[in-house]
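Commentary on secondary and tertiary structure
Residue-level listing of the chains:
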Amino acid sequence: MKSGASAASPTAKSFNFGSSRLLALAQQLRVYKPPLSSSFDEREELLAYKESTRKSITHVGFQESMAPVRFRPKKAAVLICLFEGDDGDLRVILTKRSSTLSTHSGEVSLPGGKAEEHDKDDGITATREAEEEIGLDPSLVDVVAFLEPFLSQHLLRVIPVVGILWDRKAFNPTPNPAEVEAVLDAPFEMFLKDENRRSEEFDWMGEKHLVHFFDYKTGDSDYVIWGLTARILIRAATVVYQRPPAFIEQKPNLKYSKMNQATRLYGWLKPLANLHESCENGRLLGHVPAYCLRYLVGISSR
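I will try to describe carefully the structure that is included in this document. (Residues numbered from 1 in each chain as written. Predicted model: local features only at pLDDT ≥ 70, side-chain atom pairs only at ≥ 80, totals over all residues. Heavy atoms only, no water.)

Applying the stated rule across the entire model yields 4 aromatic pairs. Judged by centre distance (5.3 Å) and plane angle (5°), the rings of F213 and W226 are stacked. Residue F213 is located in strand β10 (residues 207-218), and its partner W226 is located in strand β11 (residues 221-226); the two are separated by 13 residues in the primary sequence. Taking the relative accessible area as the measure of exposure, W226 reaches 32% and is therefore partly exposed. Centroid distance F214 to F247: 6.0 Å. Interplanar angle 65°. Geometry classified as edge-to-face. With a gap of 33 residues between them, F214 in strand β10 and F247 in the loop between α4 (227-241) and α5 (258-278) connect regions that are remote in the sequence. This pair shows no difference in class: F214 is buried, exactly as F247 is. Stacked on the ring of F247, the Lys or Arg R197 has its end atom at 4.2 Å from the ring centre. (Phe/Tyr/Trp six-rings, centres within 6.5 Å; stacked < 30°, edge-to-face > 60°. Helix = DSSP H or I, 4+ residues; strand = E, 2+ residues; numbered from the N terminus. Buried < 20%, exposed > 50% of the residue type's maximum accessible area, 1.4 Å probe, protein only. Lys NZ or Arg CZ within 6 Å of the ring centre and 35° of its normal.)

Right under this line is the structure:
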């Protein structure tokens, strides 16, 4: 993943649209550097577990510095495409997933998807997927920053890519009906406000964590933005507006001892390893490398 300072748009096109506010925002985001991916000393971890801890964030919103092993799930990227609304407010493009999809059907999400071998970077992945899903021409999007990775419930390593749509009028949404039911946009600042928001506790690895739900109404349609999408948007809004949300983002006391981390993760991933072996061609958990799961449960991976 490239740092914000080196982030470049998918094309060499020069962007000349936008207000002074958008220009200042682009300058701010280009120098953004996500937190270091590892939160522990490599030598210490090598002695303790023979692998380092990779820092990421799950769909329920906590930093997974608890993960005691380095595994390599498949990568994905989502596009946080920002533009200036008619009232001068900052807005973000969202989609409602098709009700025919096998996972997360009918849910609100950010445009994006899995990386392909020919993708040169996460910006290419995010803008390519956005074009496939909603017809957003990559040449219209100025990629300005990459945020720290999130870990989805399907063990995908998701990279949020922040892009600016300088000329909103140049974008005519054309949703792919196989993937997207509707294209919408929402005020970006709402993900820092406590209005129309609620949270629920989610039990993961024996600990309770907060999942945030944002209710949003536009026209005659009501939407709920929650889970991984909400967590990414909260984080992105925090970076853009340079202030924390007006609500408790996560329950405190999430730091465990490293041995307790390993014990919990072992118990969570062991059934996955068994499932992987029993699935034809590893289809159910094909995005989790077999060597990774075997390593996690103490089986030789080579």
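Alright, that's what it looks like, and here's the rest.
Attention now goes to the pairing of strand β5 (residues 141-146). Burial runs high along β5: 6 of the 6 residues are buried. Note that β5 and strand β7 (residues 157-165) share 5 bridges and pair antiparallel. Within β7, the position partnered with A145 by the bridge is V162. (Pairing = 2+ DSSP bridges.)

With respect to the secondary-structure elements, H154 resides in the loop between β6 (150-151) and β7. Expressed as a C-alpha distance, the spacing of H154 and P73, which sit 81 residues apart in the sequence, is 9.3 Å.

What follows concerns the pairing of β10. Alignment of β10 against β11, held across 6 bridges, turns out to be antiparallel. Bridging from a neighbouring strand, D215 pairs with V224 of β11. In textbook terms, the turn of a hairpin is the stretch between consecutive antiparallel strands, and for β10 and β11 this stretch comprises 2 residues, one of which, G219, has a positive phi near 65°.

To continue, consider the pattern of salt bridges. A complete count under the given rule lists 15 salt bridges for this structure. A salt bridge links K96 to E181; the shortest N-O distance between them is 3.3 Å. Within this pair, whereas K96 is found in strand β2 (residues 90-97), its partner E181 is found in strand β8 (residues 180-187), the two being separated by 85 residues in sequence. When the shortest N-O distance is used, the salt bridge between R235 and E148 registers 2.6 Å. Of this pair, R235 sits in helix α4 while E148 sits in the loop between β5 and β6, and the two are 87 residues apart along the sequence. We classify E148 as buried; its relative accessible area is 8%. In the salt-bridge network here, residues are joined through shared partners; they are E116, D119, R128, E129 and E132. (Salt bridge = Lys/Arg side-chain N within 4 Å of Asp/Glu carboxyl O.)

Among the nonpolar cores identified, the biggest contains 45 residues, and I80, L82, V92, L94, F188, F191 and L233 are the most heavily contacted of them. In contact with L94, not counting residues within four places along its chain, are V108, S109, L110, A182, V183, L184, D185, A186, I225 and L233. Grouped together as the second largest cluster of nonpolar side chains are 18 residues, F83, A126, I134 and L140 included. (Core = buried A, V, L, I, M, F, W, Y, C linked by side-chain atoms within 4.5 Å. Contact = heavy atoms within 4.5 Å.)

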